[in-house]
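Geometric and topological summary
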Amino acid sequence: MDFFKWVNLFIIFHCFASTPIFSDSSFSSNEHLAVPTTTKFLDLAKEPRVFDWMVNIRRKIHENPELGYEEFETSELIRAELDKLGITYKHPVAVTGVIGFIGTGLPPFVAIRADMDALLMQEMVDWKHKSKVPGKMHACGHDGHVAMLLGAAKILKEHEKEIRGTVVLVFQPAEEGGGGAKRILDAGALENVSAIFGLHIANSLPIGAVASRSGPLFAGSGFFEAIISGKGGHAAIPQHSIDPILAASNVIVSLQHIVSREADPLDSQVVTVAKFQGGGAFNVIPDSVTIGGTFRAFSKESFMQLRHRIEQVITGQAAVQRCNATVSFLDEEKTFFPPTVNNPDLHGFFRTVAGDLLGVNKVNDMQPLMGSEDFSFYQEVLPGYFFLLGMENASVERLESPHSPYFKINEDALPYGAALHASLAT
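Since the structure is predicted, the reported quantities are computational estimates derived from the model, not experimental observations.

**What to know about the nonpolar core**
Core analysis: the biggest nonpolar cluster contains 69 residues, and Ile112, Leu169, Phe171, Phe197 and Val210 have the highest contact counts within it. Sorting elements by how many residues they give to this core places helix 5 (residues 142-158) first, with 9 residues. When neighbours within four sequence positions are excluded, leucine 169 is seen to be in contact with Leu82, Ile87, Val98, Ile99, Gly100, Ile102, Ile112, Leu149 and Ala153.

Now the structure itself:
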């Protein structure tokens, strides 16, 4: 998940006060799948029969990481465990996705989601259950997310007779840039769902604690790539060439003015050029240069304005230097992620449930982050809530950030995720 590149810099914690469940909420308490034993879910999740089972599942998945829309073995493992638990499901959904059902089969339907995909990177952690697939690694904790959702499923299935309504288990492929959430929605898998909850483990948040906020949580994100074409030639006689490197340099500087001079300082936005490719010799001006990068904003309006101005600036500044430019926003290759915006009514519900389960001093506020998460696709069409789950135990070791080849999961966090999933869904 992209946002963890920033999480260590920006999380600010403040304890929440407890509020009534769904106070003034459109998602009313009548839609809540009330189960009287939810406060005991954490104790159940910590029982060895559940905890050891989750750990074993997580380690199996970790050893066999699969990229987006290639999670065939992961999906097979999930289905095998659901079969053992007697939980019905739909498959395939969005290629490798699995949608499970616990409860009456009748409304209200409340969904809980876990992503399944790994990253294209070599694991550098030397341990017994290290990735067995060269160049692929679960470096963002999705193996743990799957294990926690299965743990919640196990607990909920044991209390199925007490559920008034239906819990929908969403095992989603391709969160890492593939827009798997959008394809789950496009498949019609969540048409009757009243609300959806999701989580992500956080290395810098203490174990047993959670953090989130109402409203914008993560930014919307998009990508761009531009080819700036001039006329190549010998570097000693630049007057006979049209230099695309000079043009690209002016483009990059001008792109930074969009945020600094055009955007409201109180409306956080980012434009970053992170790719610059051109030329292969010290004394040759190339014919063309390719640049690329990412842009972020917390509203669709700001995002679309950024997109519009990025194209204008690139083509305009290239023309000033007598170059031509073509701009692509890679819509087919890199799906645009909308901003992740937490439903304010579900925020009150989350505070109450998490406070009851963990203690109100463990429920923390956080600042918005410029990273992105495809859970936002769900939130565009139904009430949704996303939060961070702590796993840091500073007395044991310092954990690396996600997307690091040294990333590790503190498996003691698994019961907290499973219990929160189960409690929020019921």
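**Things to note about the pairing of strand 3 (residues 109-115)**
Counted residue by residue, strand 3 has 7 buried out of 7 residues, so it is predominantly covered. Burial along strand 3 is two-sided: the residues Phe109, Ala111, Arg113 and Asp115 and Val110, Ile112 and Ala114 are all buried. In the sheet, strand 3 pairs with strand 4 (residues 166-172) via 7 bridges, with the strands oriented parallel. For phenylalanine 109, the partnering residue across the bridge sits in strand 4 and is threonine 166. Taking the sense of rotation as the criterion, the β-α-β connection linking strand 3, helix 5 and strand 4 turns out right-handed. In terms of strand pairing, strand 3 meets strand 5 (residues 193-206) through 5 bridges, oriented parallel.

**A look at the side chain of threonine 290**
Here threonine 290 lies in strand 12 (residues 288-297). Of the residues examined, threonine 290 reaches a relative accessible area of 15% and is grouped as buried. Apart from residues lying up to four places away in sequence, threonine 290 is in contact with Glu225, Ala226, Ile227, Lys275, Phe276 and Gln277.

**What to know about the packing of helix 4 (residues 72-85) against helix 5**
Taken N-terminus to C-terminus, the directions of helix 4 and helix 5 make an angle of 10 degrees; their axes are 10 Å apart at the nearest point. Classified by the angle between their axes, helix 4 and helix 5 sit roughly parallel to one another. Residues Ile78, Glu81, Leu82 and Leu85 of helix 4 form the contact with helix 5, whose participating residues are Val146, Leu150, Lys154 and Lys157. Looking at the contact of helix 4 with helix 5 residue by residue, the classes come out as 5 nonpolar, no polar and 3 charged.

**Describing the sheet that holds strand 10 (residues 269-277)**
Across the sheet, 4 strands lie side by side as 10-12-8-13; this open sheet has antiparallel pairing. The sheet terminates laterally at strand 10 and strand 13 (324-328), the two strands that pair on one side only. In this sheet, adjacent strand axes meet at a mean angle of 20 degrees when their direction is disregarded. Relative to strand 13, strand 8 (residues 220-229) runs antiparallel, the two being bridged by 5 bridges. Residue pairing across strands places serine 229 opposite asparagine 324, the latter belonging to strand 13. Helix 8 (residues 300-320) contacts strand 8, strand 10, strand 12 and strand 13 of the sheet and is inclined by roughly 160 degrees relative to strand 12.

**Describing the confidence of the model for the protein chain**
Per-residue confidence for the protein chain averages 92 on the pLDDT scale, and 91% of its residues sit at or above 70. Segment residues 4-26 is flagged for pLDDT under 50; beyond a separation of four residues in sequence, or across chains, it makes 67 contacts in the model.

**A short note on the sheet that holds strand 16 (residues 384-392)**
Taking strand neighbours across the sheet as the criterion, the 8 strands line up as 1-2-4-3-5-16-6-15 in an open arrangement whose pairing is mixed. Because the sheet does not close on itself, it has two edges, and the strands there are strand 1 (88-93) and strand 15 (363-365). If you compare each strand with its neighbour and ignore which way they point, the axes differ by 25 degrees on average.

**Structural notes on the packing of aromatic side chains**
Going through the model one piece at a time under the given rule, you end up with 11 aromatic pairs. Relative to phenylalanine 295, the ring of phenylalanine 224 has its centre 6.4 Å away and its plane inclined at 45 degrees; by these criteria the two rings are tilted. Linking phenylalanine 224 in strand 8 with phenylalanine 295 in strand 12, this pair joins segments that are 71 residues apart in sequence. The two residues phenylalanine 224 and phenylalanine 295 agree in class, both being buried. Aromatic ring contacts, followed pair by pair, group Phe224, Phe295, Phe303, Phe329 and Phe336 into a single cluster. The ring of tryptophan 53 has lysine 154 sitting right over it, with the charged end atom 4.8 Å from the ring centre. A cation sits over an aromatic face here: arginine 183 above tyrosine 69, 4.5 Å from the ring centre.

**Considering the environment of lysine 231**
Following the sequence through the fold, lysine 231 ends up in the loop between strand 8 and strand 9 (233-234). The class of lysine 231 is partly exposed, set by a relative accessible area of 45%. Distance in space between the C-alpha atoms of lysine 231 and aspartate 243 is 6.5 Å, their sequence separation being 12 residues. Ignoring any residue separated from it by four or fewer positions in sequence, one finds lysine 231 in contact with His240, Ser241, Ile242, Ile285, Pro286 and Asp287.

Conventions used here
- Residues numbered from 1 in each chain as written.
- Predicted model: local features only at pLDDT ≥ 70, side-chain atom pairs only at ≥ 80, totals over all residues.
- Heavy atoms only, no water.
- Core = buried A, V, L, I, M, F, W, Y, C linked by side-chain atoms within 4.5 Å.
- Buried < 20%, exposed > 50% of the residue type's maximum accessible area, 1.4 Å probe, protein only.
- Helix = DSSP H or I, 4+ residues; strand = E, 2+ residues; numbered from the N terminus.
- Contact = heavy atoms within 4.5 Å.
- Pairing = 2+ DSSP bridges.
- Right-handed = clockwise from strand over helix to strand, strands pointing away.
- Axes fitted to C-alpha atoms, helices over the stretch in contact; angles between N-to-C directions.
- Parallel < 35°, antiparallel > 145°, perpendicular 65-115°, else oblique.
- Nonpolar A, V, L, I, M, F, W, Y, C, P; charged D, E, K, R; others polar.
- pLDDT = per-residue confidence, 0-100.
- Phe/Tyr/Trp six-rings, centres within 6.5 Å; stacked < 30°, edge-to-face > 60°.
- Lys NZ or Arg CZ within 6 Å of the ring centre and 35° of its normal.

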